[in-house]
Every structure is written in C-alpha cells, then in structure tokens.
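A look at the structure
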Amino acid sequence: MKVGLLGGTFNPPHLAHLVCAAEAHDQLGLDRVLLVPTAVPPHKAAPEDPGAEHRAQMCELAVRGDDRLRVSRIELERGGPSYTVDTLTALHERDPEDELTFIVGGDMAHSLPTWREPEGILRLARVAVAERAEVRRADIAERLAGLDQADRVAFFDMPRIDISSSEIRRRAAAGRSIRYLVPDAVAEYVADRGLYR
C-alpha cells in the first residue's frame, strides 16, 4: 500500500491540513494519507496545548467520512518527543511492504538537512513537498541535493490557504467563531470542551 504521512501538532487540525492531505493523495497516487499527531513536538512548544488525546480526537473528527484519510496514533503510543526518523522506522517495522511518503510544506523541507538523520528519513520514505512556486522548488531541491537519496524528494501543488492553528486558537480564546476554518465537528468539539478559552 502507498501510504502518505502528514505529521504535526494539529492544535487544532484545520482545513489547510486536510487540503494538503487530499492533494498529496490525489497528485501522488497514494492509497491513504495518515494524519500523525505528535505526542511532544521536538522542535517547538505547543502553546495552549489541550493535550495529545484532545488533538488526536480532533484529528479523528476532521477525517471522519473521508475514506482517503485516517489518523495514526503511533507517536502518541510511543510518547516523548517525536522524531520523524523514529516514526518512519516504527511504521516500516510494523508494515514493511508499505511504501511510505512523508508529506511536508516547503519551509519544513528546506530545513530537512538539520533534522535528526535526514538521510535515514529519505531511505525510509519518499519526501513529498507541498510547494507551488517553481523558484522555491528549485531552491529546496538545491538545498537537499547534498543528501544521499535526494532523488526521493517529490513536489506537489498545494493551493495557498492562509489558515494557521495559532490564529484559530486566538479566535477561540477571544470567543470568535472558528467555523469554516476547521471542520464543523472540530469546531463543535472545541466549543463543547471550552478548548483554548
């Protein structure tokens, strides 16, 4: 099976996350895309974090009804800081016949050489970069060219959707509507549990 992985804090998951997952699925010929919420993000603190279980529940609600998308709790089960190479290794051991594609945005792809074991990541998975601008693609490809197996980097088009989890948290904290920025079920979950207030 060709499996895409979209990792993140998903604090909360929003429509840009889902569009990214759906575009990767369609453009890269994937059978399924897994949203992989982090237990503890290794590179950035998760402000106003309601906790990993709430974030995973919101991911489940976000993908409900879309057969292309699922949620993997692999990082929550492992606990502690989440490093991509560890997650890919665990998934490969669990289902060695799956072809893995790790999905990232352009900014994350640009920083890939600074990640833990970037060449290990490329050995375990194709890296798919959501990036429209040809100039940026060339810049990213050049930045990654020094890595072993840099030919395992692919690009796909992602429409510009300027939604951020931090802005959604600010809106929720101020009592403003987050409808149309997140799936309705996620908006209801946030409201019912008073998250981010």
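This text follows the structure it describes.
This section reports on the structure supplied with the text. Every chain is numbered independently, its residues counted from 1 as its sequence is written. With pLDDT at 70 or above as the cut-off, local features in this predicted model cover only qualifying residues; side-chain atom pairs require 80 or more to be listed or tallied, and sums for whole chains, interfaces and linings still use all residues. Just so you know, side-chain values use all the structure's heavy atoms and leave hydrogens and water out.

**Concerning the overall build of the chain**
Filter applied, for reference: Only DSSP runs of H or I covering at least 4 residues are called helices, and only runs of E covering at least 2 are called strands; the numbering of each starts at the N terminus. Just to be clear, the radius of gyration here is over C-alpha atoms, and the globule rule we use is 2.2 Å times residues to the power 0.38. Throughout, a contact is declared for two residues whenever any of their heavy atoms are within 4.5 Å. The protein chains shown are the only cover counted for residues, whose accessible areas, like all others here, come from Shrake-Rupley with a 1.4 Å probe. Neither His nor the chain termini are counted; the positive set is Lys and Arg, and the negative set is Asp and Glu. To locate a charge, take atom NZ for lysine, CZ for arginine, CG for aspartate or CD for glutamate.
When helices and strands are counted, the chain shows 9 helices and 6 strands. Compactness check: the chain gives a C-alpha radius of gyration of 16 Å against a globular reference of 16 Å for 197 residues, within 12% of the reference. Counting only C-alpha atoms and orienting by the principal axes, one finds that the chain spans roughly 50 × 35 × 30 Å. For the chain, the proportion of contacts with a sequence separation of at least 24, taken over those separated by at least 6, is 76%. Carbon and sulfur atoms make up 47% of the accessible area of the chain, which amounts to about 9700 Å² in all. Within the chain, one finds 26 positive and 32 negative side-chain charges whose respective centroids are separated by 5 Å.

**What to know about the packing of aromatic side chains**
Using the following cut-off: Pairing of aromatic rings covers Phe, Tyr and the six-membered ring of Trp, with a centre-to-centre limit of 6.5 Å; geometry is then stacked below 30 degrees between planes, edge-to-face above 60, and tilted otherwise. By definition here, charges over rings are those cases where NZ of Lys or CZ of Arg is within 6 Å of the ring centre and within 35 degrees of the ring normal.
If you walk through the whole model with that rule in mind, you get 1 aromatic pair. The ring centre of Tyr 83 lies 3.7 Å from the NZ or CZ of Arg 116, which sits over that ring. Over the ring of Tyr 189 we find Arg 193; its NZ or CZ atom is 3.8 Å from the centre of that ring.

**What about the pattern of salt bridges?**
What counts, and what does not: For this analysis, a salt bridge means a side-chain nitrogen from Lys or Arg found within 4 Å of a carboxyl oxygen belonging to Asp or Glu. The classification of residues rests on relative accessible area computed with a 1.4 Å probe and restricted to protein chains. Under 20% of the type maximum is buried, over 50% is exposed, and intermediate values are partly exposed.
With the rule as written, the count across this model stands at 15 salt bridges. For the salt bridge of Glu 60 with Arg 73, the shortest nitrogen-to-oxygen distance reads 3.9 Å. Of this pair, Glu 60 sits in helix α2 (residues 52–63) while Arg 73 sits in the loop between β3 (69–71) and α3 (74–78), placing them 13 residues apart in sequence. Given the relative accessible area of 25%, Arg 73 is considered partly exposed. Residue Asp 107 pairs with Arg 136 through a salt bridge whose shortest N-O separation is 2.7 Å. Of this pair, Asp 107 sits in helix α5 (residues 106–110) while Arg 136 sits in helix α7 (residues 134–144), and the two are 29 residues apart along the sequence. A residue is classified by how much of its surface remains accessible, and Arg 136, at 24% relative accessible area, is partly exposed. When salt bridges with common partners are traced through the structure, they connect Asp 107, Glu 131, Arg 136, Asp 139 and Arg 160 into a single cluster.

**A short note on the sheet that holds strand β1 (residues 2–8)**
In sheet architecture, strand pairing relies on hydrogen bonds along the backbone and comes in two forms, parallel and antiparallel. Filter applied, for reference: When DSSP locates at least two bridges between a pair of strands, those strands are taken to pair. Fitted lines through C-alpha atoms serve as axes, helices being fitted only where they are in contact, and the angles separating the N-to-C directions of these axes extend from 0 to 180 degrees.
As summarised here, the arrangement of the 6 strands in space is β3-β2-β1-β4-β5-β6, forming an open sheet in which the pairing is parallel. The two strands at the open ends of the sheet, each matched to only one other strand, are β3 and β6 (153–156). Pairwise comparison of adjacent strand axes, ignoring direction, gives a mean angle of 30° for this sheet. Here β1 runs beside strand β4 (residues 99–105); their pairing, made up of 5 bridges, is parallel. What sits directly across from Leu 5, in β4, is Phe 102. Its contacts with the sheet put helix α1 (residues 15–28) on β1, β2 (32–37), β3, β4, β5 (126–130) and β6, and the angle it makes with β6 is roughly 110°. Helix-sheet contacts for α7 involve β5 and β6, and the interaxial angle to β6 is about 170°.

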